[in-house]
Amino acid sequence: MRKIEEVFQRGLDMHHYANTAYPITPRSFQEYKIKGKDEVDRLVVEEWEKVNALGLYVHIPFCMRRCKFCEYAVFTGDDAAQEELYVKLLLQEIDKFGAALSPKIIHGLDIGGGTPSAISVSNLGRIMNGLVKNFGDDAVGDVSIETTPRIAAKDSEKIKGIRELGIDRISMGVQTINPKLLAEFERHGSTRMYYNAKENIRKAGFERFNIDVMYGFLKQTDESFMATLEFVLQLNPEYVTLYRNRYKDTKLEHEAVDVDLVKVNRQYKMAYYFLTAAGYNAELGKNTFSRVKGDVGTSAYLTKRVIEGMPYLGMGVASQSYSHSSLYYNQGAASKRLSGYKKWIEKGHFPIQDFYILPEEEMAAKMISVAFYFGYIHKTHFHNRIGKTLEELYTDEMQFLIENKLMEHQGDLFAFTQKGKNAINGITALFYSKKEQEKMYTYATKLGL
Ligand code: SF4
């Protein structure tokens, strides 16, 4: 049995990997994998029939080209035939769930990617109609979508059309305005483009506008990071979301070892004070800052997923789903290609690549890792979701965190302290299953840490 201090330190050493994306690699769950397509088809329905309320996620994988820091399943180029084929397959998947499941309560829909606004408004409308047909009107009651500055600046009609579909929250990735970094990441961007994008988003009538900014890049200075944030506030979004670059499975992975935690923590701290001084609020450690009173800034889907551990059903290539006791990834999660997804849908199966039935320890670790996106664990929601209290499952870990002033009880929350915010990766590792902690050690050795 490893000592708590030791696991905490290993999580800090592995700070690029011990984060909200649990487990470190899906291969960790191989022993829980269900084999046989027919058995997976049977179990996926059985699992979802235990769930009454859930969020929906739809993955649209298209982007003009892949940014070097991107970790997602993305198909590049501008191939209209590929778009039509993809939408047809996606609608078949949605229909298959609709036919198999009894009516559910839906709490929000995120259309993510890739770049979902890369496809036509009519195809987005077809997808939303498919969701309404199969999950009822609530499926499109609270919808968030992502766009790029390039699309939002160039195609005002499309942004207007998206708003007219009833989508009321839009998120745009600026990430950085630094020209050298943009060139290095092979990403489009200019201040004129961002202004035009903002104009079109506002003209379309969006009142819930989020901008993503990234930090923690090797060649990103504090000055260039703060210059991006200052510029972003000139665009006056309702929300700003900070994303720490995750190097794993990206073209920048080789740079990770040279990025130290001190720099990463310093940049978050600078941003936190800058944004809160400008009227954008968030709990310590939270990524999304909101200037709207009573609005946490994230989409309904993400908010409930993070705070309550709400089950979510992902559809589309490479999407992830999480029910009461299962976690699974659709075809394409590993290959980042369409062929497997297409093959299984055409054969009449759910297009699932890896389906795991997880023990309580893994479900709890997954819920807590995701909860740290907001900087705290909600104790009552944890109990409701897992069936045991936080104290029952993590007595020694909580004692260690409290004694070392890393986390504290704040009413119903178990939240980061200022000191704990700088040690989020070490704290997260403490809530990993014992098996995943061992995998973290093995992975660290492989990386020479
Ligand atoms: S625009 Fe976003 S999803 Fe597309 S390649 Fe770049 S980071 Fe990835």
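Because the structure is predicted, anything quoted here is derived from the model rather than measured. Throughout this description, residue numbers start from 1 for each chain and increase along the sequence as written. Local features in this predicted model are restricted to residues of pLDDT 70 or higher, and side-chain atom pairs are both shown and tallied only at a pLDDT of 80 or more, whereas totals for entire chains, interfaces and linings draw on every residue. Side-chain numbers come from the whole structure's heavy atoms, not from hydrogens or water.

### What about the site of the ligand?
Here, proximity means that at least one heavy atom of the residue falls within 4 Å of the molecule or strand. All residues in the neighbourhood of the ligand are listed as Cys63, Arg65, Arg66, Cys67, Phe69, Cys70, Val74, Gly114 and Arg187. Classification used: nonpolar for Ala, Val, Leu, Ile, Met, Phe, Trp, Tyr, Cys and Pro, charged for Asp, Glu, Lys and Arg, polar for all others including Gly. Residues of the shell around the ligand, tallied by class, amount to five nonpolar, one polar and three charged.

### A few points about unusual backbone geometry
For the peptide bond that leads from Tyr22 to Pro23, omega is 0°, which places it in the cis range. Helix and strand assignments follow DSSP, with helices taken as H or I runs no shorter than four residues and strands as E runs no shorter than two, numbered in order from the N terminus. With respect to the element layout, Pro23 can be found in the loop between α1 (4-13) and α2 (37-49). Positive phi is not limited to glycine here, since Asp249 has a value of about 60°. For Lys405, which is not a glycine, the phi torsion comes out positive at approximately 55°. Note on classification: 1.4 Å probe, protein chains only; a residue is buried when its accessible area is under 20% of the maximum for its type, exposed when over 50%, partly exposed between these limits. Given the relative accessible area of 59%, Lys405 is considered exposed.

### Quick look at the pattern of salt bridges
Salt bridges are counted wherever a side-chain nitrogen of Lys or Arg sits within 4 Å of a carboxyl oxygen of Asp or Glu. Applying the stated rule across the entire model yields 24 salt bridges. Among the ionic pairs, Glu84 bridges to Arg126, the shortest N-O distance being 3.5 Å. Residue Glu84 is located in helix α3 (residues 80-100), and its partner Arg126 is located in helix α4 (residues 121-135); the two are separated by 42 residues in the primary sequence. On the basis of relative accessible area, Glu84 is assigned to the partly exposed category, the value being 41%. Under the relative-accessibility criterion, Arg126 is labelled partly exposed at 34%. Close ionic contact of Glu238 with Arg291 constitutes a salt bridge, the shortest N to O distance being 3.3 Å. One end of the pair, Glu238, is in the loop between α9 (222-234) and β8 (239-244); the other, Arg291, is in the loop between β9 (288-290) and α11 (300-308), and 53 residues separate them in sequence. For Glu238, a relative accessible area of 9% puts it in the buried group.

### Things to note about the side chain of Ser117
Position of Ser117 among the secondary structure elements: in the loop between β4 (105-113) and α4. The exposure class assigned to Ser117 is buried, which follows from its relative accessible area of 0%.

### As for the domain arrangement of the chain
When cut into domains, the chain gives domain 1 (1-18 + 375-449) and domain 2 (29-304). Boundaries between domains were set according to an automatic or database domain assignment. Just the C-alpha atoms count here: the centres of domain 1 and domain 2 sit 27 Å apart. Across the boundary between the two partners, domain 1 contributes 14 residues, which contact 18 residues of domain 2. The term buried area means the drop in 1.4 Å probe accessible area that two parts suffer when joined, counted for both and summed. Carbon and sulfur atoms supply 50% of the area that domain 1 and domain 2 bury against each other, a total of about 1,500 Å² over both sides. At the surface where domain 1 touches domain 2, the tally comes to one salt bridge. For the salt bridge of Glu31 with Lys435, the shortest nitrogen-to-oxygen distance reads 2.8 Å. For the side of domain 1 that touches domain 2, the secondary structure elements donating two or more residues are α17 (418-421) and α19 (434-446). Residues count as neighbours in contact if any of their non-hydrogen atoms are within 4.5 Å of one another.

### Focus on the nonpolar core
Ranked by internal contacts, the top residues of the largest apolar core, which has 92 residues, are Leu56, Phe97, Leu131, Phe135 and Leu242. Residue contacts for Leu131: discarding those within four places in its chain leaves Leu56, Val58, Ile94, Leu109, Gly136, Ala139 and Met315. If you look at the next biggest cluster of nonpolar residues, it comprises 57 residues, including Phe8, Ile307, Tyr376 and Leu430. Buried residues of nine kinds, namely Ala, Val, Leu, Ile, Met, Phe, Trp, Tyr and Cys, make up a nonpolar core once their side-chain atoms join them within 4.5 Å.

### Observations concerning the sheet that holds strand β16 (residues 413-416)
Strand pairing is assigned whenever DSSP identifies at least 2 bridges connecting the two strands. One open sheet accounts for three strands, arranged β14-β16-β15; its pairing is antiparallel. Looking along the sheet, the strands with just one partner apiece sit at the ends: β14 (376-378) and β15 (407-410). Strand-to-strand twist across the sheet, computed as the mean angle between neighbouring axes with direction ignored, equals 20°. Pairing analysis gives four bridges linking β15 to β16, with the strands arranged antiparallel. Its bridge partner being in β16, Gln410 is matched across the sheet by Leu413. The strands that helix α14 (residues 379-386) touches are β14, β15 and β16; relative to β14, the one it contacts most, it runs at about 60°. The axes used here are C-alpha line fits, helices contributing only the stretch in contact, and every angle between their N-to-C directions lies in the interval 0 to 180 degrees.

### With respect to the environment of Val132
Within the element layout of this structure, Val132 appears in helix α4. Exposure remark for Val132: the relative accessible area of 25% places this residue in the partly exposed category. Note: C-alpha distance between Val132 and Ile94 (38 residues apart in sequence) is 10.0 Å. With near-sequence residues (within four places) excluded, Val132 lies in contact with Asp137, Ala139 and Val140.

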